[in-house]
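# Chain and residue survey
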Amino acid sequence: MIRVLFFGPVADCIGARQIELPYRDGLRWQDVRNELQPRHPEAFALVSIVAVNGERVRDEEGAPLADGAEVVFMSSFSGG
Amino acid sequence: MGAAVRLQLEDFSQDEEIRALRATSQRIGGIATFLGCARDFSEGREVCEIGFDAYRPMALAELEKLRAEAIARFALIEARIVHRLGAVRAGDNIVFIATGAEHRAPALDACRWLIDELKARVPIWKKEITPSGEAWVTPHP
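Here the residue numbering is sequential within each chain, running from 1 through the sequence in written order. Chains carry letters from A onward and ligands carry numbers from 1 onward, assigned in written order. Where totals are concerned, whole chains, interfaces and linings use all residues; where local detail is concerned, this predicted model gives features only for residues with pLDDT of at least 70, and gives and counts side-chain atom pairs only at 80 or more.

### Considerations on the interface of chain A and chain B
By the convention adopted here, residues are in contact when the distance between their C-beta atoms, placed from the backbone, does not exceed 7 Å. On the side of chain B, 23 residues touch chain A, which itself brings 14 residues to the contact. Split into classes, the residues belonging to the side of chain A that touches chain B amount to 7 nonpolar, 7 polar and no charged. Each residue gets one label: Ala, Val, Leu, Ile, Met, Phe, Trp, Tyr, Cys and Pro are nonpolar, Asp, Glu, Lys and Arg are charged, and the others, such as Gly, are polar.

### Structural notes on the sheet that holds strand 9 (residues 124-130) of chain B
Residues and elements named next belong to chain B. Paired strands, in this sense, are two strands between which DSSP finds at least two bridges. The secondary structure listing takes helices from DSSP runs of H or I that are at least 4 residues long and strands from runs of E that are at least 2 residues long, numbered from the N terminus. Reading across the sheet, the 4 strands line up as 7-5-9-10 and stay open at both edges, with antiparallel pairing between neighbours. Either end of the sheet is taken by a strand with one partner, and the two such strands are strand 7 (86-89) and strand 10 (133-136). Ignoring strand direction, the axes of neighbouring strands in this sheet form an average angle of 25°. With 6 bridges connecting them, strand 5 (residues 49-54) and strand 9 associate as antiparallel partners. For Asp53, the partnering residue across the bridge sits in strand 9 and is Trp125. Each axis is a line fitted through C-alpha atoms, taken for helices only over the stretch in contact, and angles between the N-to-C directions span 0 to 180 degrees.

### Let's talk about the confidence of the model for chain B
Regions with low pLDDT should not have their predicted coordinates read in detail. On average, residues of chain B score 96 in pLDDT, and 99% of them reach the 70 mark or higher. Scoring of the predicted complex yields 0.95 for pTM and 0.94 for ipTM. Each residue carries a pLDDT score, the predictor's own confidence in it, on a scale running from 0 to 100.

### Comments concerning the sheet that holds strand 6 (residues 78-84) of chain B
Residues and elements named next belong to chain B. Here 4 strands make up an open sheet; going across it, the order is 1-6-8-2 and the pairing mixed. Two strands lie at the open edges of the sheet, namely strand 1 (5-8) and strand 2 (30-37), each paired on one side alone. Ignoring which end each strand starts from, the neighbouring axes of this sheet average 5° apart. Each of strand 1, strand 6 and strand 8 (93-101) touches helix 2 (residues 56-74); the most contacted strand, strand 1, lies at about 150° to it. Along the sheet face, helix 3 (residues 104-121) touches strand 2, strand 6 and strand 8 and points at about 150° away from the line of strand 8.

Structure, rendered in C-alpha cells:
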C-alpha cells in the first residue's frame, strides 16, 4: 500500500488528507501523481513540492517506491 | 523547559525561551530574537484568526536541520525555534526564534537567515479566517 498525504490548500481542494493506493513493483511517485492528477486537476495545479518518506524529491528523481511508502504532494509553504 | 525546536498548539513564553538559551552557556555575548505574530489585517481584509496546518514529521525534521545549519554557518552557541500550529487568534504569537552567539552580528544574521529559510523550507501552511470567509495565504517573497 502507498499512503498519499495532503495538507493545507491541497487537502482542502481534494477534500481529504489521505488516500491509499495499492502497491505494485516499480511504482514511482510520478506514477502516483499521474494517477491522481486527472481526478483532482485543481488540487494538483497547486502542487509545487513533493516528498517521499519525508524527504523532498525532484522531478527527475524517480526511484521505485517501497511498499508502505508515504508520498506527499504539497503547495508552496507559508509558515512563519 | 521544552526542546530547542518545537511545533506546538499552545502559546510560548519568550522569557522562558531566552532563559533556556542563556542557560546553555555563559560564553553567549549577544542574543537576537524574532517574534512573528498574527496580524488582524491582511490584503485589505480584517483577519480574526489564522489556522496553521503542517506536515508535522517533515516540518520538525526541517526545523532541526535549520537549527543545526544555522549553528554551523554562523558559529552560534545555541539557537531555539518554536512554531505554533492550529488556531492562532489575531494579536497572538506564531513563531519565535532566538539565537545566541559570542557577538551580536552573527546572532542577528542567523536570526534573519532562520526565519527566511523557515518560510521557504518548512512544510507549514497558513489560512486566514476573516468575517467573510477563509483563504490560504500565498507565500510572500
